[in-house]
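# Descriptive structure summary
Given next are the chains, with one letter for each unit.
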Amino acid sequence: MSEESPASAFRERTTGSDVELAYAGHNTFLKGDPRSVDDLDDVDVAVLGAPYDGAVSNRPGARYGPEAIRRASAWWAYLSGYKGGLTNMDSGKQVDFSRFAVADCGDVPVFPMDRETTAESITAHVATAAERAFPVVLGGDHYCTYPSVTGFAEGIDADSIGFVQIDAHTDTVSESAVFGEHFHGSPTHHIADSEYAAYENVSHVGIRGYEGPAFFEFADESGLNLFTMADVRERGIRSVVTDAIDAAADGVDAVYVTFDIDGVDPAVAPGTGTPVPGGLSAREALTVMDILGARDSVGAVDLMEVAPTYDPTEGTQRLAAYLLVRFLEQKFASA
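Attention in this report is confined to the structure presented alongside it. (Residues numbered from 1 in each chain as written. Predicted model: local features only at pLDDT ≥ 70, side-chain atom pairs only at ≥ 80, totals over all residues. Heavy atoms only, no water.)

### Points about the overall build of the protein
When its secondary structure is counted, the protein shows 10 helices and 11 strands. Here the protein has a C-alpha radius of gyration of 20 Å; the compact-globule value for 335 residues is 20 Å, and the two agree. The principal-axis extent of the C-alpha atoms belonging to the protein is close to 75 × 45 × 40 Å. For the protein, buried positions account for 56% of its 335 residues. A sequence separation of at least 24 residues applies to 76% of the contacts in the protein between residues at least 6 apart. With the model as given, the accessible surface of the protein reaches about 14600 Å², and the carbon-plus-sulfur share is 49%. Computed over 22 positive and 53 negative side-chain charges, the inter-centroid distance for the protein is 10 Å. (Helix = DSSP H or I, 4+ residues; strand = E, 2+ residues; numbered from the N terminus. Rg over C-alpha atoms; globule rule 2.2 N^0.38 Å. Buried < 20%, exposed > 50% of the residue type's maximum accessible area, 1.4 Å probe, protein only. Contact = heavy atoms within 4.5 Å. Areas by Shrake-Rupley, 256 points an atom, 1.4 Å probe, with all protein chains shown as cover. Lys, Arg positive; Asp, Glu negative; His and termini not counted. Charge placed at Lys NZ, Arg CZ, Asp CG, Glu CD.)

### Some thoughts on the sheet that holds strand β7 (residues 161–166)
In space, the 9 strands of this open sheet follow the order β1-β5-β2-β6-β11-β10-β7-β8-β9, with parallel pairing throughout. Because the sheet does not close on itself, it has two edges, and the strands there are β1 (33–34) and β9 (225–228). Relative to strand β11 (residues 298–304), strand β6 (residues 134–139) runs parallel, the two being bridged by 3 bridges. The residue of β11 that forms the bridge with L138 is L303. Sheet strands touched by helix α8 (residues 237–249): β7, β8 (202–207), β9, β10 (254–260) and β11. Its angle to β8, the strand with the most contacts, is close to 160°. Helix α10 (residues 315–333) rests against β2 (45–50), β6, β10 and β11 of the sheet, and its axis sits at about 170° to β11. (Pairing = 2+ DSSP bridges. Axes fitted to C-alpha atoms, helices over the stretch in contact; angles between N-to-C directions.)

### Considerations on the layout of surface pockets
When its volume is computed, the largest pocket comes out at roughly 440 Å³. In terms of lining, the largest pocket is formed by 21 residues, of which the most central are L30, K31, A77, S80 and G81. Looking at the lining of the largest pocket, the element that brings in the most residues is helix α2 (residues 65–83), giving 6 residues. Empty space within the second largest pocket amounts to approximately 270 Å³. Forming the walls of the second largest pocket are 19 residues, and the residues nearest its centre are H169, D171, G185, E211 and T274. (1 Å grid on protein atoms, 1.4 Å probe; cavity = no way out; pocket = protein on both sides within 12 Å on 5 of 7 lines; lining within 4 Å. Points joined across faces, edges and corners; volume = space filled by probe spheres on them.)

### A short note on the packing of helix α3 (residues 115–130) against helix α4 (residues 145–155)
For the pair α3 and α4, interaxial distance at closest approach is 7 Å and the crossing angle is 35°. Considering the relative orientation of α3 and α4, their crossing is right-handed. For the pair formed by α3 and α4, the contact residues are A119, I122, T123, V126, A127 and A130 on the first element and P147, S148, T150, G151, F152, E154 and G155 on the second. Counted by class, the contact of α3 with α4 contains 7 nonpolar, 5 polar and 1 charged residues. (Left-handed = near helix turned anticlockwise from the far one by under 90°. Nonpolar A, V, L, I, M, F, W, Y, C, P; charged D, E, K, R; others polar.)

### What about the pairing of β6?
For β6, the tally of buried residues reaches 6 of 6 residues, placing the bulk of the element in the interior. Strand direction decides the pairing type here: β2 and β6, joined by 6 bridges, are parallel. Looking at the pairing, L48 lines up with V137 of β6.

### A short note on the environment of D18
Mapping D18 onto the fold places it in the loop between α1 (6–13) and β1. Residue D18 is classed as exposed on the basis of its relative accessible area of 70%. Sequence separation between D18 and G81 is 63 residues, and the spatial gap between their C-alpha atoms is 9.4 Å.

### Points about the side chain of R35
The residue R35 is located in the loop between β1 and β2 in this model. When its relative accessible area of 18% is taken as the criterion, R35 is described as buried. For R35, the side chain forms a polar contact with the side chain of D42, separated by 2.9 Å. With residues near it in sequence (within four places) discarded, R35 still touches L40, D42, V43, A103, D104 and C105. (Polar contact = N/O pair within 3.5 Å; in protein donor to acceptor, adjacent residues only side chain to side chain.)

Shown next, in the form of structure tokens:
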């Protein structure tokens, strides 16, 4: 029988040696266990990164999003472990993150010069995760959502999927003379055109800026559930998001939520490739995730388009991580 190592002896005799600081240890989401995507039978949440930004039309850099979001998420893992449970000071509720197990499956293989193979990789890995756990996907540019939705549908053997998109842009372009049919302005078109979804179960929240000259007619004719920032200002975020998820969940097997960080005002979250002024506040964005996380119909979530190099304050990835933390809190950890 081997003697106790000096390291083990130190940890046993030293109070606090089991506390991992936010900036120490392995860089996994919420300090989750590093796992293979095939080894998820005893976990609740499976996190995957998609560090691909080969389909952007403006500023690149979202390939660095998954790593930055993981690093930022460590703060909430540290708080939960250090304080032995938490009180959400917004809601007054007790939060226990030990109620669910998180595994970080690392980044899926990506091929920077091969969008098609990258999409196949995302679909295969999300499908594998979705068979076993609740998938959380960290992007990456927003094109990655299309193969992720496909993988989710395949993984849970769904016939139909609803889709809630929080975004400045609708991403409904069917074809661009410059970028072709497949780029980060097209994923919602491809999702709605797939065998798993239709525009009647697609909800957009926070749309602003500019779309094509006949976009409102398109929304009416296609059945798209469109909630612009004008709607948010007029009706309030709670009313808008409640209607958005109700429409997306109507008659489908499950709902996939995608949050493009450019849905948030760039004064708050400048670290993104295609910022548009006039977006959601941090408070509104957190409310969105609180509402969606509490809905049983939601079976997967992603957070896309964080490009950390454009935000030297690191505030964008911090907000992105907190949005996911609040979502998972509602889904799994609220008392």
